[in-house]
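Chain by chain, the residues:
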Amino acid sequence: MQNLLRQQSVHIRANYTGVTRLCCRRPFVRRRASVHVAVDVEPQTLQYGKELENAKAAVRLASKLCQIVQRQLSAEERADKKDDSPVTVADYGAQAVVAWVLQWADPASRLSMVAEEDSAELRQPEGRPMLERITQLINSVFAEAKVGVILAPEDVLKLIDLGGSQGGPTGRHWVLDPIDGTRGFVGMRQYAVCLGMLQDGEVVLGVLGCPNLPQGPVGEQDGQEGAAQRAGGSDVGCLFSAHRNHGAYAAPLWDEHADPVRIQVKDLSNPREARFMESVESRHSSHSTTAAMARELGVVLPPLRMDSQVKYGLLSRGCASIFMRFPPPTYKEKIWDHAAGFVIVEEAGGRVTDAGGARLDFSRGRFLQLDRGIIAAPPALHQQLLRAAAKVAVAPLPSEQ
Ligand SMILES: Nc1ncnc2c1ncn2[C@@H]1O[C@H](COP(=O)(O)O)[C@@H](OP(=O)(O)O)[C@H]1O
Ligand SMILES: [Mg+2]
Ligand SMILES: [Mg+2]
Ligand SMILES: [Mg+2]
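Every value quoted in this text rests on a predicted model; they were computed, and no experiment measured them. (Residues numbered from 1 in each chain as written. Chains lettered and ligands numbered in written order. Predicted model: local features only at pLDDT ≥ 70, side-chain atom pairs only at ≥ 80, totals over all residues. Heavy atoms only, no water.)

Asker: Teacher, can you tell me more about the side chain of His382 here?
Answerer: Among the secondary structure elements, His382 is positioned in helix H10 (residues 379-391). Classification of His382 by relative accessible area gives buried; the value is 0%. The residues touching His382, leaving out its near neighbours within four places in the chain, are Arg351, Thr353, Ile375, Ala376 and Ala377. (Helix = DSSP H or I, 4+ residues; strand = E, 2+ residues; numbered from the N terminus. Buried < 20%, exposed > 50% of the residue type's maximum accessible area, 1.4 Å probe, protein only. Contact = heavy atoms within 4.5 Å.)

Asker: Explain the packing of aromatic side chains here, please?
Answerer: Within a pair of aromatic rings, the relevant descriptors are the distance that separates the centres and the angle that separates the planes. Applying the stated criterion to the full structure yields 5 aromatic pairs. An angle of 75 degrees between the planes, with centres 4.8 Å apart, marks the rings of Tyr312 and Phe323 as edge-to-face. Of the two residues, Tyr312 sits in helix H8 (residues 310-316) while Phe323 sits in strand S14 (residues 322-325), which places them 11 residues apart along the sequence. Phe323 carries the same exposure label as Tyr312, and that label is buried. (Phe/Tyr/Trp six-rings, centres within 6.5 Å; stacked < 30°, edge-to-face > 60°.)

Asker: Mind showing me how you'd approach the site of ligand 1 here?
Answerer: Taken together, 17 residues lie near ligand 1, and Ser279, His284, Ser308, Lys311 and Asp337 sit nearest. At 3.0 Å from an oxygen atom of ligand 1 is found a side-chain nitrogen or oxygen belonging to Glu116. Contact distances for ligand 1 include 2.8 Å between an oxygen atom and a backbone N or O atom of Thr182. In isolation ligand 1 offers 570 Å² of accessible surface; the protein chains occlude 89% of this area. Considered class by class, the residues forming the shell around ligand 1 number 4 nonpolar, 5 polar and 8 charged. (Near = heavy atom within 4 Å. Polar contact = N/O pair within 3.5 Å; in protein donor to acceptor, adjacent residues only side chain to side chain. Areas by Shrake-Rupley, 256 points an atom, 1.4 Å probe, with all protein chains shown as cover. Nonpolar A, V, L, I, M, F, W, Y, C, P; charged D, E, K, R; others polar.)

Asker: Would you explain the environment of Met188 in this entry?
Answerer: Inspection of the secondary structure assignment puts Met188 in the loop between helix H6 (182-186) and strand S7 (192-199). Using a relative accessible area of 18% as the deciding quantity, one classes Met188 as buried. On a C-alpha basis, the gap between Met188 and Tyr331 in space is 26 Å, while along the polypeptide they are 143 residues apart. Not counting the four nearest positions on each side in its chain, Met188 is found in contact with Gln70, Gln224, Glu225, Gly226, Ala227, Ala228 and Gln229.

Asker: Any chance you could explain unusual backbone geometry here in plain terms?
Answerer: The bulk of non-glycine residues show a negative phi, and the bulk of peptide bonds are trans. Of note, Asn245 is a non-glycine position whose phi angle comes to about 70 degrees, a positive value. Note on placement: Asn245 falls in the loop between strand S9 (236-243) and strand S10 (248-252). Residue classification places Asn245 among the exposed residues on the basis of a relative accessible area of 65%. Even without being glycine, Arg372 reaches a positive phi, approximately 65 degrees.

Asker: How do you make sense of the coordination of the magnesium ion (ligand 3) when you look at a structure like this?
Answerer: A four-donor tetrahedral metal ideally has 109.5 degree angles, and a six-donor octahedral metal ideally has angles of 90 or 180 degrees. Those protein atoms acting as donors to the magnesium ion (ligand 3) are Glu116 (OE), Asp177 (OD) and Ile179 (O), and they sit at 2.0 to 2.2 Å. On the primary sequence, the residues serving as donors to the magnesium ion (ligand 3) are separated as E-x60-D-x1-I. The distance between the magnesium ion (ligand 3) and the magnesium ion (ligand 2) comes to 3.6 Å, and Asp177 binds to both of them. Of this pair, Glu116 sits in the loop between strand S5 (113-115) and helix H4 (128-144) while Ile179 sits in strand S6 (residues 172-180), placing them 63 residues apart in sequence. A residue is classified by how much of its surface remains accessible, and Glu116, at 23% relative accessible area, is partly exposed. (Donors = N, O, S within 2.8 Å, 3.2 Å for Na, K, Ca; no water.)

Below you can see the structure in the form of structure tokens.
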């Protein structure tokens, strides 16, 4: 039995002796298996050490699924949601994979997850081919990782719907954006698998899987179409992570044995040396407002445009010094679009606030309440940004003019 369990185990990482063996009792799992989880720092020294390792394992597995899909995405594998934003089999598949790993790793507790996707469209007769494709994808990724579990379409629906939690100020809630930057994903640009953990209203863990992000210096072309095609090399693919009060780290995404490296924001105070980042999509964040902010501040370098929370990762790693986001005034920002990146930037020494200077508050349910937009930077530059934000009017987005 012991051998059988070993064969069926998920060898996520096993470099410390405290191997966790868990038998999942959930109805969607058909066979017993074990999950080997490990940490870089001894788990007992970190309050949420085991949870962090489980989150990294979940993000790595989901990132693998996304990478496979992006390379050969077909028209049948994507759809438009009611709000006109795209969703793909990879968004659904990644959400199910992360839910499965988190539940598997901690079967005794009731998983609360605030996640972007739900199964409503997949439950329609027209959604059946997509559901079958998602199930097939998950099972092939599980087989490759020797998970030893085969899911049925009904299991996948239930896993996706574990993301329906409302979050809130008490207890533990995982916060998941299975693919942040889906427009970037379908456009062969950047995207990120983003997982945070909220404990009593505070983001205490964050993990970002960035399959198309170079581990070294990053330039404008890395935010543009073609980033996905260039992502085959061993120096592409980053995993950012942070544990509250224990710093932020970066590691190669595809090598779970590589040691994570501590990262820090670049503590610039001179805006003339600073590079700012914003969304590629001007419908997500007003490019004219950020340009006015840059002028007011004295920033001379052109913006670095990237999809998704890779921007938070790049800020934390010192590749750029400012991140700005000014959505349409009627738009309500969702917590999964920021939770993981927020704790990573703060642990790297940066500040993340709304345009009025209030620290982001993730305790109010699925949405953030923001004054105008989001500003993130090292402390000295952040102060200057707030002064600029007090002077610059938020310009309407192209779609509102
Ligand atoms: N009109 C809008 N204004 C602001 N943000 C929007 C938006 N429509 C979608 N978004 C959000 O912008 C996110 C992507 O951000 P970015 O521009 O930094 O890549 C999307 O995440 P998803 O791709 O997970 O849906 C989505 O939540
Ligand atoms: Mg998102
Ligand atoms: Mg998303
Ligand atoms: Mg979306």
